[in-house]
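# Notes for the structure review
Spelled out, the chains give:
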Amino acid sequence: QESYPEELLYIIELLRNQELDEQLITEICDELFVQIQKEELSKKQLFEMAKTHLYNRLTTLPLTGLDYNKKYVHVLGPTGVGKTTTIAKMAARAVLEKKKKIGFITTDTYRIAAIDQLKTYAALLQAPVEIVYNSEDYQDAVNKMAHLDLIFIDTAGRNFKEAKYVGDLKDLIEFGKEAQSYLVLSLTTKQKDLEVIIEKFNSIPIEKFIFTKLDETISIGTMFNLMIKYNKGLAYYTNGQEVPEDIEQADINGLLETFFQGEL
């Protein structure tokens with residue numbers, strides 16, 4: 001890559017600082033290099049072209065929030081990524097903006113704090129909560145909540161390096177056609193570790209990612225890398241602890257503006 005002209009090296013540096021995959025960087029810069037041969041382009045024009053390349057790669061993927069036509073909202077992911085808070089944010093929006101009747105089910109029976117946290121949010125939203133330990137409990141909970149518009153299911157965040165936990169989850173929960181499943185990942189986790197988690201979940205029909213802790217990192221290339229690599233869309237990203245404010249519905253233009261750090 002060092003054989004690229006000076007004006008491209010600046011772009012390469014920004015893309016690397018954002019931790020974009022080298023393969024994507026090469027694709028973008030090869031395309032820009034061809035254009036530079038044809039005409040003189042300003043730095044701003046080159047950045048616009050790089051943005052367009054990424055935009056075209058990402059807009060083929062689903063970039064939408066909750067599907068209000070599917071009743072069961074499964075939220076999956078490892079511990080410590082902010083799953084319960086993210087569920088509360090999604091649920092609060094469904095109640096406040098869409099006037100939906102909602103309920104919560106949690107299978108996270110390992111962490112008392114997570115149950116208490118969910119109960120607090122549920123009380124604020126005047127929504128029922130069911131705690132389930134096995135598939136019979138799960139079926140009972142679903143039956144009790146049959147009259148509701150949306151049921152948010154907070155799954156246990158175990159160590160997903162062990163395939164057993166994903167198997168347990170599949171035994172407990174029904175991933176049928178009325179369900180939508182989201183995998184919550186923290187942007188403060190190394191990409192290699194995120195890939196291990198995603199691959200452990202590949203037997204579950206995950207539609208989109210939700211990325212948390214955008215406010216705690218300076219590089220967001222990982223988000224794009226994973227979407228492109230696994231051909232998954234993006235539902236939301238979160239940028240703080242406040243419920244329900246600190247959650248944004250996926251907006252590719254906004255993310256690309258952030259990614260290019262004012263260069264456009």
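Structure: above.
Treat the numbers as computed from the prediction; the structure is a model and nothing was measured.

Criteria and cut-off values
- Residues numbered from 1 in each chain as written.
- Predicted model: local features only at pLDDT ≥ 70, side-chain atom pairs only at ≥ 80, totals over all residues.
- Heavy atoms only, no water.
- Helix = DSSP H or I, 4+ residues; strand = E, 2+ residues; numbered from the N terminus.
- Rg over C-alpha atoms; globule rule 2.2 N^0.38 Å.
- Buried < 20%, exposed > 50% of the residue type's maximum accessible area, 1.4 Å probe, protein only.
- Pairing = 2+ DSSP bridges.
- Axes fitted to C-alpha atoms, helices over the stretch in contact; angles between N-to-C directions.
- Core = buried A, V, L, I, M, F, W, Y, C linked by side-chain atoms within 4.5 Å.
- Contact = heavy atoms within 4.5 Å.
- Right-handed = clockwise from strand over helix to strand, strands pointing away.
- Polar contact = N/O pair within 3.5 Å; in protein donor to acceptor, adjacent residues only side chain to side chain.
- Parallel < 35°, antiparallel > 145°, perpendicular 65-115°, else oblique.
- Nonpolar A, V, L, I, M, F, W, Y, C, P; charged D, E, K, R; others polar.
- Arc of directions from axis to C-beta.

### Some remarks on the overall build of the protein chain
- From N to C terminus, the protein chain includes 10 helices and eight strands.
- Since a compact globule built from 264 residues should have a radius of gyration of about 18 Å, the 21 Å found for the protein chain is in line with a globular shape.
- Considering only C-alpha atoms, the protein chain reaches an extent of 65 × 40 × 30 Å along its principal axes.
- Every one of the 264 residues in the protein chain was classed for burial, and the buried ones make up 50%.

### Topic: the sheet that holds strand E1 (residues 72-76)
- In spatial order, the strands read E3-E2-E4-E1-E5-E6-E7-E8; together these eight strands make up an open sheet with mixed pairing. Single-partner strands in this sheet number two, and they are strand E3 (129-131) and strand E8 (247-249). Taken over all neighbouring pairs, the strand axes of this sheet differ in orientation by 25 degrees on average, direction set aside.
- Taken together, the four bridges between strand E6 (residues 208-212) and strand E7 (residues 233-238) define a ladder with parallel strand orientation.

### Overview of the nonpolar core
- One finds Phe209, Phe211, Met223, Phe224 and Leu234 to be the most contacted residues of the largest nonpolar core, which totals 64 residues.
- With residues up to four places along the chain from it excluded, the contact list for Leu234 reads Pro62, Leu63, Thr64, Lys208, Phe209, Ile210, Phe211, Met223, Met227, Ala250 and Leu255.
- Ranked by size, the runner-up nonpolar core spans 24 residues in total, among them Ile87, Ala94, Ala122 and Ala127.

### Some details on the pairing of E6
- E6 sits mainly inside the fold: five of its five residues count as buried.
- The alternating pattern of E6 places Lys208, Ile210 and Thr212 and Phe209 and Phe211 on opposite faces, both of which are buried.
- Note: strand E5 (residues 179-186) against E6, five bridges, orientation parallel. Across the sheet, Tyr182 pairs through a bridge with Lys208, a residue of E6.
- Crossover handedness for the path E5 to helix H8 (residues 191-200) to E6: right-handed.

### With respect to the side chain of Ser181
- Topologically, Ser181 is positioned in strand E5.
- Polar side-chain contacts of Ser181 include one of 3.4 Å to the side chain of His74.
- Once residues lying within four places of it in the same chain are set aside, the contact partners of Ser181 are His74, Leu76, Phe175, Pro205, Ile206, Glu207 and Lys208.

### Points about the packing of helix H9 (residues 221-230) against helix H10 (residues 252-259)
- Running from amino to carboxyl end, H9 crosses H10 at an angle of 130 degrees, the nearest separation of the two axes being 10 Å. Classed by the angle they form, the pair H9 and H10 counts as oblique. Residues Gly221, Met223 and Phe224 of H9 pack against Ile252, Leu255, Leu256 and Phe259 of H10.
- Classifying every residue of the contact of H9 with H10 gives six nonpolar, one polar and no charged.

### With respect to helix H6 (residues 135-144)
- Those residues of H6 that sit buried are Tyr138, Ala141 and Val142. Axial view of H6: buried residues confined to an arc of 100 degrees, hence all on one face. Residues of H6 that are exposed and point over 90 degrees away from its buried face: Glu136, Asn143 and Lys144.
- In this structure Asn134 caps H6, since a side-chain oxygen of it lies 3.1 Å from the backbone nitrogen of Glu136.

### Re the environment of Phe259
- Tracing the sequence through the fold places Phe259 in helix H10.
- By relative accessible area, Phe259 is classed as buried at 0%.
- For Phe259 and Ile218, which are 41 residues apart along the polypeptide, the C-alpha to C-alpha distance reads 9.2 Å.
- Apart from residues lying up to four places away in sequence, Phe259 is in contact with Leu14, Leu15, Gln18, Leu20, Leu54, Ile220, Gly221 and Phe224.

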